[in-house]
Amino acid sequence: MTVKTKEAQALPLNTILDGDCIEVMNSLPEASVDLIFADPPYNLQLRGDLHRPDNSKVDAVDNDWDQFDSFALYDKFTKAWLKAARRLLKPNGAIWVIGSYHNIFRVGAALQDQGYWILNDVVWRKSNPMPNFRGKRFTNAHETMIWAGKDEASKYTFNYEALKALNEGIQMRSDWVLPICNGHERLKDENGDKAHPTQKPESLLHRVLVGSTNPGDVILDPFFGTGTTGAVAKMLGRDFIGIEREEAYRKVATKRIANVRKFDNEALQTTTSKRAEPRVPFGQLVERGMLRPGENLYSMNNRHKAKVRADGTLIGDDVKGSIHQVGAALEGAPSCNGWTYWCYKKEGKRVPIDVLRQQIRAEMQV
């Protein structure tokens, strides 16, 4: 008897799907998405119209999709979409959720209840926030993003060196100062009005995707809106899946993304951690004759020397072992990075042995 195997369901990559986000997510293949970026309804609980000092009306978020009759209903909705989202994540997948004080604390508790593992909360501090026109509270100048792995064991993507490079060589902090979406980036509808009341700036998504995804990854946005996630994903060489039930938003997003060009492959390369580079044993330098048995290595501080042995170990002052072990022993330190500690002599000048390692790595990449 011949048993027919069920064909794997193809992912609808780089498309905007029409429908309820929970229903659509439940229809997609399990464990198929690398990252989810979610900008869910904030449930703002607005009470009446808001006016500026000149009595002009503020274009606030009063759409039906942001209205919930109770916190209980909002919590039920949050738990349902987070459950559907977690099913879609690959074992090492992660999620970003953005919100305001109206909803982010409820979302955070739901994330933990669902089994997600919170990695960071990131404060997006708006460099040009909307003023508080009533003057009864602080100006609401930030939103909060929660970054979480699918579970505690997830080996999530974190491009530390790339984010550090974005920040002029300084470790990226969890408070990001970026402007809100305005000017030329703010999309308009056919009537010249804002196409979406809470359009996110591309700078925010650029940082999220560069920091927590790699080219070729699949990013899902279940609240796609005008397609900021899709536009940035396309530019950065990532695939996206958008879900949006509002036809007007889908129309704007489709036109926007069609006009986006992917950066060339060379431009998409980012700074990587040294840990991610190919491993080169010190012994390989000896095998290839780049360093010879009996040749002396010298510490960068010029206080110690050691002799190279045929098996790729060193001996110095009766201490034997790897380049790391001998360096640590000679310095009386608990550990030592032998690649940056030792150098060899070439034409009378001292050259770090790490130069030889980088030469081999360059050959491996070619």
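The model shown is predicted, which means the values in this text are computed figures rather than measured ones. (Residues numbered from 1 in each chain as written. Predicted model: local features only at pLDDT ≥ 70, side-chain atom pairs only at ≥ 80, totals over all residues. Heavy atoms only, no water.)

Colleague: Residues and numbers for the nonpolar core, please.
Modeller: If you look at the biggest cluster of nonpolar residues, it comprises 33 residues, and the most contacted ones within it are W96, M145, W176, L204, V208 and L209. For this core, the leading source of residues is helix α5 (residues 202–212), giving five residues. If near-sequence neighbours (up to four positions away) are discounted, W96 is found in contact with L35, I36, F37, A38, V122, M145, I146, W147, W176, V208 and S212. Within the second largest apolar cluster, 31 residues are counted, among which are F77, A110, Y116 and L220. (Core = buried A, V, L, I, M, F, W, Y, C linked by side-chain atoms within 4.5 Å. Buried < 20%, exposed > 50% of the residue type's maximum accessible area, 1.4 Å probe, protein only. Helix = DSSP H or I, 4+ residues; strand = E, 2+ residues; numbered from the N terminus. Contact = heavy atoms within 4.5 Å.)

Colleague: Hey, could you go over the packing of helix α2 (residues 71–88) against helix α3 (residues 104–114) for me, with residue numbers and the actual values?
Modeller: Viewed as axis vectors pointing N to C, α2 and α3 meet at an angle of 45 degrees, and their least axial separation amounts to 10 Å. In terms of axis orientation, α2 runs oblique to α3. Crossing handedness for the pair α2 and α3: right-handed. Counted together, F71, Y74, D75, T78, K79, L82, K83 and R86 of α2 and R106, V107, A110, L111 and Q114 of α3 form the full contact between these two elements. Classifying every residue of the contact of α2 with α3 gives six nonpolar, two polar and five charged. (Axes fitted to C-alpha atoms, helices over the stretch in contact; angles between N-to-C directions. Parallel < 35°, antiparallel > 145°, perpendicular 65-115°, else oblique. Left-handed = near helix turned anticlockwise from the far one by under 90°. Nonpolar A, V, L, I, M, F, W, Y, C, P; charged D, E, K, R; others polar.)

Colleague: Just give me the short version of the side chain of S154, but keep the residues and values in it.
Modeller: Turning to its location among the elements, S154 is positioned in the loop between β5 (142–149) and α4 (160–166). For S154, a relative accessible area of 7% gives the class buried. In this structure the side chain of S154 is engaged in a polar contact, spanning 3.1 Å, whose partner is the backbone nitrogen of D151. If sequence neighbours within four positions are ignored, S154 has contacts with P91, N92, G93 and G149. (Polar contact = N/O pair within 3.5 Å; in protein donor to acceptor, adjacent residues only side chain to side chain.)

Colleague: Talk me through the sheet that holds strand β9 (residues 296–299); I want residue IDs and the actual numbers.
Modeller: Strand order in the open sheet made by the six strands is β12-β11-β10-β9-β13-β14, with antiparallel pairing throughout. A single partner strand is all that each edge strand has here, and the edge strands are β12 (319–321) and β14 (349–352). Geometrically, the sheet is characterised by an average inter-axis angle of 35 degrees between neighbouring strands, direction not taken into account. Inspection of the sheet shows strand β10 (residues 305–308) paired to strand β11 (residues 314–316) by two bridges, in the antiparallel sense. Bridged to V308 within β11 is L314. Its contacts with the sheet place helix α10 (residues 323–331) against β10, β11, β12 and β13 (342–346), and it is angled at close to 155 degrees to β12. (Pairing = 2+ DSSP bridges.)

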